[in-house]
Amino acid sequence: MSSSNHQQQFRYTQTPSKVLHFRNLPWECSDEELADICSPFGKVMNTKCNVGANRNQAFVEFADLNQAISMVSYYASSSEPAQVRGKTVYIQYSNRHEIVNSKGPGDVPGNVLLVTIEGVEAGDVSIDVIHLVFSAFGFVHKIATFEKTAGFQALIQYTDAETAASARNALDGRSIPRYLLPENVGSCNLRISYSAHRDLNIKFQSNRSRDYTNPMLPVNQTAIDIALQPVGPDGKRKEPESNVLLALVENMQYAVTVDVLHTVFSAFGTVQKIAIFEKNGQTQALIQYPDVTVATAAKEALEGHCIYDGGYCKLHLTYSRHTDLNVKAFSDKSRDYTVLDPSLRATQVPAWQNTQAAPVYPGLQGQMPSWDTNQQEVTQNYLSAPSSFPPGHAVPGYSPAAVPPASASPHAHMHPNSFSGTSTPGMQPYYG
DNA sequence: AGCACA
């Protein structure tokens, strides 16, 4: 019966309790900070921090009811509010009379985190991505991953509980950045608690477990394919290389067209095909090169750079799992330069009416600056150019208005780099 | 800025 429930909701009518409820606490307020402001009023028997959805509430249990009353009374009449780290905290009697320490094992702080990666299968998030994400907070000693009914989980071992806590506080409830995930994965929230483990027993370096303190550990058979993959300078294992790049475009303030991408990516070699699509509300593109080497050069030169000055249209590049795109030869969202001569666009000739590009456009040769079919010099210039990229300015001077006509080169598929090297003299922003 | 967890 509700009439028998005399628990009061509001401060002036609450019945006193030796348990006090604190709210509006600063982020990650510690038991020590709580005890600091409570101990002048009595003996603190128990505390519970990081309560509530925002983890900014807490409970403190005094030894005696009068001690709790004295604290509430003091701040009720004080001109200075109770503060922690300069932040005003609000104190009232809890509607319970003791702190029930129902700390599950996952709430006992330790140096090993138990991470549940929601919404993914084990294969979707590599141990290297996990390592990359969690290394942001300190040296990761060991990682073990496994699949349980709860889903894909990982144990992350840090040096100490403080480092583990900082990682937990920063990442719990958040998602792994999308550009670190495969194309087919949406958001994947991290649920992080503490493991009771102190020291993980990693027997092998494998696709499921790593011991970063012991690089000499034998490699498990199941991890051989992974071990054969190249390792980047940061020690992060790369995804399988491909001649096709997946580009995620961040902060897309300007339209990123097929032509823009073609111009940007042609600096590193012949672009065979481009496809632009939307995924999870973000613009993505696939760029196909003839071989992995060129794709790698483009990836390394362009990763993290912006198509436009001012941080606009920042590129995040990964290798696609595709090797040969099946795209419409000419649409606003895709282009196949191996099938279709781009000059057809300028001359308004549909692709399917022309199967012999070169002989049809002899006149265009004359429009081009002095270049012929032996464009070694141009090719070399642009292949060597990415090393001189100014950091943070993938395409300095690039402006949306300066998008080159895709029609400029009728031979893009025959002569590597001829497009970007010759078609747009006012548009050579890459290397100054 | 408003009450935990099993």
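What you are looking at is a predicted structure, and each value in this text was computed from that prediction instead of being measured.

Quick notes on the rules
Residues numbered from 1 in each chain as written. Chains lettered and ligands numbered in written order. Predicted model: local features only at pLDDT ≥ 70, side-chain atom pairs only at ≥ 80, totals over all residues. Heavy atoms only, no water. Helix = DSSP H or I, 4+ residues; strand = E, 2+ residues; numbered from the N terminus. Buried < 20%, exposed > 50% of the residue type's maximum accessible area, 1.4 Å probe, protein only. Contact = heavy atoms within 4.5 Å. Areas by Shrake-Rupley, 256 points an atom, 1.4 Å probe, with all protein chains shown as cover. Near = heavy atom within 4 Å. Polar contact = N/O pair within 3.5 Å; in protein donor to acceptor, adjacent residues only side chain to side chain. Salt bridge = Lys/Arg side-chain N within 4 Å of Asp/Glu carboxyl O. Pairing = 2+ DSSP bridges. Phe/Tyr/Trp six-rings, centres within 6.5 Å; stacked < 30°, edge-to-face > 60°. Lys NZ or Arg CZ within 6 Å of the ring centre and 35° of its normal. Core = buried A, V, L, I, M, F, W, Y, C linked by side-chain atoms within 4.5 Å.

Q: Would you mind showing me how to read the overall build of chain A here?
A: Along its length, chain A carries 12 helices and 17 strands. A burial count over chain A gives 46% of its 432 residues as buried. Restricting the contact set of chain A to residue pairs at least 6 apart, pairs at least 24 apart contribute 68%. Total accessible area on chain A stands at roughly 21,600 Å², and carbon and sulfur atoms take up 52% of it.

Q: Explanation requested: the side chain of Thr163 in the structure shown.
A: With respect to the element layout, Thr163 can be found in helix 4 (residues 161-171). Those residues within four positions of Thr163 in sequence are excluded, and the remaining contacts are Phe137, Gly138 and Tyr158.

Q: Just checking my understanding: could you explain the protein's contact with DNA strand B for this structure?
A: In the vicinity of DNA strand B there are 21 residues, among which Gln14, Arg23, Asn24, Gln92 and Arg96 approach most closely. The protein-proximal atoms of DNA strand B, defined as those within 4 Å of the protein, are 38% sugar or phosphate. Between His21 and DNA strand B, the recorded distance is 3.3 Å, taken from a side-chain N or O atom to a sugar or linking oxygen. Asn95 places a side-chain nitrogen or oxygen 3.2 Å from a base oxygen of DNA strand B. Elements with a minimum of two residues in the surface near DNA strand B: strand 1 (19-23), strand 2 (44-51), strand 3 (57-62) and strand 6 (90-93). Looking at the surface near DNA strand B element by element, the count peaks at three residues for strand 6.

Q: Whenever I open this one, unusual backbone geometry confuses me. Can you help?
A: Negative phi is the rule for most residues except glycine; trans is the rule for most peptide bonds. Its identity as a non-glycine residue notwithstanding, Glu28 has a phi of 60°, on the positive side. Inspection of the secondary structure puts Glu28 in the loop between strand 1 and helix 1 (31-38).

Q: Explain the pattern of salt bridges to me, please; I cannot follow it from the model alone.
A: In this structure the tally under the stated criterion is seven salt bridges. As a salt-bridge pair, Arg191 and Glu118 come within 3.4 Å of each other at their nearest N and O atoms. Note that Arg191 is positioned in strand 10 (residues 190-194) and Glu118 in the loop between strand 7 (112-117) and helix 3 (127-134), a separation of 73 residues in sequence. Looking at Glu118, the relative accessible area reads 32%, which means it is partly exposed. Via salt bridges that share partners, Lys273, Asp324 and Asp336 belong to a single interconnected network.

Q: Looking at this structure, I do not really get the pairing of strand 12 (residues 244-250). What am I missing?
A: Two faces belong to every sheet, and in a regular strand the side chains alternate between them. Within strand 12, six of the seven residues are buried, which leaves the element mostly enclosed by the surrounding structure. Examined bridge by bridge, strand 12 and strand 14 (residues 282-288) share five bridges and lie antiparallel to one another. Following the sheet pairing, Leu246 is matched in strand 14 by Leu286. Of the strand pairs in this sheet, strand 12 and strand 16 (residues 312-319) are connected by six bridges, and their pairing is antiparallel. Note on strand 16: the bridge partner recorded for Ala247 is Leu317.

Q: It is not clear to me how helix 6 (residues 258-265) should be interpreted in this structure. Could you clarify?
A: Because an α-helix packs 3.6 residues into every turn, residues spaced three or four apart end up facing the same way. Across the eight residues of helix 6, eight count as buried, placing the element largely inside the fold. Looking at helix 6, one finds that the buried residues are Val258, Asp259, Val260, Leu261, His262, Thr263, Val264 and Phe265.

Q: Mind showing me how you'd approach the packing of aromatic side chains here?
A: The geometry of two aromatic rings is summed up by the distance between their centres and the angle between their planes. Here the structure, examined in full by the defined rule, presents five aromatic pairs. Taking the centre distance of 5.8 Å and the plane angle of 55° together, the rings of Phe41 and Tyr75 count as tilted. A residue pair is termed long-range when its members are at least 10 positions apart, and Phe41 in the loop between helix 1 and strand 2 and Tyr75 in helix 2 (residues 65-77) qualify at 34 residues. Given a relative accessible area of 17%, Phe41 falls into the buried group. These aromatic residues form a ring-pair network of at least three members: Phe41, Tyr74 and Tyr75. The ring of Phe330 carries Arg335 above its face, with NZ or CZ at 4.1 Å from the centroid.

Q: Sorry, what's going on with the nonpolar core here?
A: Most often, soluble globular proteins have nonpolar side chains that are buried together. Among the nonpolar cores identified, the biggest contains 29 residues, and Leu261, Phe265, Phe268, Ile274, Ile287, Tyr289 and Ile307 are the most heavily contacted of them. Put simply, the parts of the chain that give this core at least two residues each are strand 12, helix 6, strand 13 (273-279), strand 14, helix 7 (292-302), strand 15 (306-308) and strand 16. Apart from residues lying up to four places away in sequence, Phe265 is in contact with Leu245, Ala247, Val271, Ile287, Tyr289, Ala298, Leu302, Leu315 and Leu317. Residues Leu113, Ile143, Ile156 and Ile176 belong to the second largest nonpolar core, which totals 28 residues.

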